[in-house]
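Per-entry structural report
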Amino acid sequence: AGRVIGDPQPLPPPASGAQPAQASWVPSFDVPLGRGAVSGVYALRLDSETSGKSFFATFVVREDARRADLVVNRADYTDAAYNDWDGAGNGSSAYEGARWVSLDRPLRSVAVLCVYSYSSGYFVYEYPMVRWLESQGYDVKYVSDVDLDARADVLAGARAFLSVGHDEYWSPAMRDHVEAARDAGVHLGFFGSDAVDGRIR
């Protein structure tokens, strides 16, 4: 909804066997949300004046005070696991055999796997379902993996929790919170494949 110029940021060192990549960047801009902002998956387009290239990063806006029939999960941890900015060795924070998966690092797609946008997990796998649900008038709100990991109450009051598309990497806390919601009467819907089979500690 507007153009903001961000400050240049230094490149962090890649992950090593001793520690993950840590950019520790100072925020250079905020994305203000109006009082009427509704829960959803929002896309922030990042443009490079140097390279002329653009890509999208997604973020979730929650509505904790509002109950909704359906809660849809945004698979941020899986996107992070497929970010191969610092390589694909066992010491890096990339997809296969990684010791670390860091959310605090630059973004690069895994082109070798035909994943060309960092948030392609959303645009390829999740967006078609989100668009259909909302076009059909379903009462929906959204959470991210980070929310599901940190908070046991994000599914309270929902009729169903939906995991859509490629929702591969979960923490034990995420699974515990979803199973507790199931035991409390929340239905579970998994619309995809390769889900919940990679553990994030």
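Before going into details, it helps to say that this report is about the structure given with it. (Residues numbered from 1 in each chain as written. Predicted model: local features only at pLDDT ≥ 70, side-chain atom pairs only at ≥ 80, totals over all residues. Heavy atoms only, no water.)

Residues Leu-148, Leu-155, Phe-161, Tyr-169, Trp-170 and Val-178 are the most contacted members of the largest nonpolar core, which totals 17 residues. Elements with a minimum of two residues in this core: helix 1 (76-81), strand 6 (169-170) and helix 4 (172-183). Of all the elements, helix 4 adds the most residues to this core, at three residues. Not counting residues within four places of it along the chain, the set of residues in contact with Phe-161 comprises Val-71, Asn-73, Leu-148, Leu-155, Trp-170, Val-178, Val-186, His-187, Leu-188 and Gly-189. (Core = buried A, V, L, I, M, F, W, Y, C linked by side-chain atoms within 4.5 Å. Buried < 20%, exposed > 50% of the residue type's maximum accessible area, 1.4 Å probe, protein only. Helix = DSSP H or I, 4+ residues; strand = E, 2+ residues; numbered from the N terminus. Contact = heavy atoms within 4.5 Å.)

This next bit is on the sheet that holds strand 7 (residues 187-192). Reading across from one edge, 4-3-5-7 is the order of the four strands in this open sheet, with parallel pairing throughout. Looking at the sheet topology across the chains shown, the edges are occupied by strand 4 (140-144) and strand 7. The average angle at which neighbouring strand axes cross in this sheet is 25°, direction not considered. As paired elements, strand 3 (residues 70-74) and strand 4 share five bridges and run parallel to each other. Opposite Val-71, over in strand 4, you have Lys-141 as the bridge partner. (Pairing = 2+ DSSP bridges. Axes fitted to C-alpha atoms, helices over the stretch in contact; angles between N-to-C directions.)

Positionally, Ser-39 belongs in the segment before strand 1 (40-47). A distance of 2.9 Å separates the side chain of Ser-39 from the backbone nitrogen of Tyr-142, its partner in a polar contact. With residues up to four places along the chain from it excluded, the contact list for Ser-39 reads Val-61, Arg-62, Glu-63, Lys-141 and Tyr-142. (Polar contact = N/O pair within 3.5 Å; in protein donor to acceptor, adjacent residues only side chain to side chain.)

Right, let's get into a nonpolar patch on the surface. Together, Phe-56, Phe-123, Val-124, Tyr-125 and Tyr-127 give the surface a local cluster of nonpolar side chains, amounting to about 450 Å² of exposed area. If one sorts the elements of the nonpolar patch by residue count, helix 2 (residues 120-135) sits on top with four residues. Position of Val-124 among the secondary structure elements: in helix 2. Since its relative accessible area comes to 52%, Val-124 is described here as exposed. (Patch = residues over 30% accessible without salt bridge, like charges linked within 9 Å, V, L, I, M, F, W, Y side chains within 5 Å. Areas by Shrake-Rupley, 256 points an atom, 1.4 Å probe, with all protein chains shown as cover. Salt bridge = Lys/Arg side-chain N within 4 Å of Asp/Glu carboxyl O.)

Don't take any of this as a statement about function, it's just geometry.
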